[in-house]
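# Descriptive analysis of the structure
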Amino acid sequence: MDPMMKMWVSFVGIGLMALAAVLISLARFKTKGVLRLLLSMTAFLFLVIGGFLGLISIS
């Protein structure tokens with residue numbers, strides 16, 4: 001993978017991690033019930049994908 005592509009992959013990973021932080025904050029402070037669970041699971045999924053993309057951009 002060329003350096004420019006690694007940069008974009010890392011930007012997407014950072015963006016997904018930031019979005020996960022916003023979603024988990026929203027889920028904890030503003031929602032209850034099933035919506036809270038769905039937002040938390042989505043945030044966790046974004047965090048895992050973002051971390052994986054970050055690892056890909058390192059190598």
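This one's a predicted model, so the numbers in the text were calculated from it and none came from an experiment. (Residues numbered from 1 in each chain as written. Predicted model: local features only at pLDDT ≥ 70, side-chain atom pairs only at ≥ 80, totals over all residues. Heavy atoms only, no water.)

## Examining the overall build of the chain
Put simply, the rule reads: We count a stretch as a helix when DSSP gives it H or I for four or more residues in a row; a strand needs E for two or more, and each element gets its number in order from the N terminus. What the globule rule says is 2.2 Å times the number of residues to the power 0.38, and the radius of gyration is computed from C-alpha atoms. The rule is simple: take the accessible area with a 1.4 Å probe, protein chains only, and divide by the maximum for that residue type; under 20% is buried, over 50% is exposed, in between is partly exposed. Contacts were defined at the residue level, with two residues in contact if any of their heavy atoms lie within 4.5 Å. Residue-level accessible areas treat just the shown protein chains as cover; the underlying method is Shrake-Rupley with a 1.4 Å probe.
Helix and strand counts for the chain come out as two helices and zero strands. The C-alpha radius of gyration computed for the chain amounts to 14 Å, which surpasses the reference 10 Å derived for 59 residues by more than 25%, pointing to a less compact arrangement than a globule. Dimensions of the chain along its principal axes, counting C-alpha atoms only, are 45 × 15 × 10 Å. Within the span of the chain, comprising 59 residues, buried residues form 22% of the whole. Restricting to contacts in the chain with at least 6 residues of sequence separation, those with at least 24 account for 60%. Accessible surface, the chain as shown: approximately 4400 Å² in total, 80% of it carbon and sulfur.

## Here we look at the side chain of Thr31
Defined as follows: Two N or O atoms form a polar contact when they lie within 3.5 Å of each other; inside protein one atom must be a possible hydrogen donor and the other a possible acceptor, and for residues adjacent in sequence the pair counts only when both atoms belong to side chains.
By the element assignment, Thr31 lies in the loop between helix H1 (3-30) and helix H2 (34-58). Owing to a relative accessible area of 12%, Thr31 belongs among the buried residues under this scheme. In this structure the side chain of Thr31 is engaged in a polar contact, spanning 2.9 Å, whose partner is the backbone oxygen of Ala27. Residues within four places of Thr31 in sequence aside, it is in contact with Leu26, Arg36 and Leu39.

## Side note on H2
Keep this limit in mind: Given a helix with a known number of residues, its expected span is that number minus one, times 1.5 Å.
Across its 25 residues, H2 extends 36 Å between first and last C-alpha, which sits within 8% of the 36 Å expected from 1.5 Å per residue. Listed as buried for H2 are Leu39, Ala43, Gly50, Leu53 and Ser57. Residues of H2 that are buried in the fold lie against H1.

## Observations concerning a nonpolar patch on the surface
Condition: Note on patches: the residues involved have over 30% relative accessible area and no salt bridge, like charges join within 9 Å, and the nonpolar side chains Val, Leu, Ile, Met, Phe, Trp and Tyr join within 5 Å. What counts as a salt bridge is simple: a side-chain nitrogen of Lys or Arg found within 4 Å of a carboxyl oxygen of Asp or Glu.
Together, Met1, Met4, Met5, Trp8, Phe11 and Ile14 make up an exposed nonpolar region whose accessible area comes to about 680 Å². In this structure, Met4 sits in helix H1.

## What to know about the packing of aromatic side chains
We count it as follows: Within 6.5 Å between ring centres, the rings of Phe, Tyr and Trp (the latter by its six-membered ring) count as paired, and their orientation is classed by plane angle as stacked under 30 degrees, edge-to-face over 60, tilted in between.
Taken as a whole, this structure holds one aromatic pair when the rule is applied. The interplanar angle of 85° and the centroid separation of 5.7 Å between the aromatic rings of Trp8 and Phe11 together place this pair among those described as edge-to-face. Of this pair, Trp8 and Phe11 both sit in helix H1, three residues apart, which is roughly one turn of the helix. Overall, the relative accessible area of 44% leaves Phe11 in the partly exposed class.

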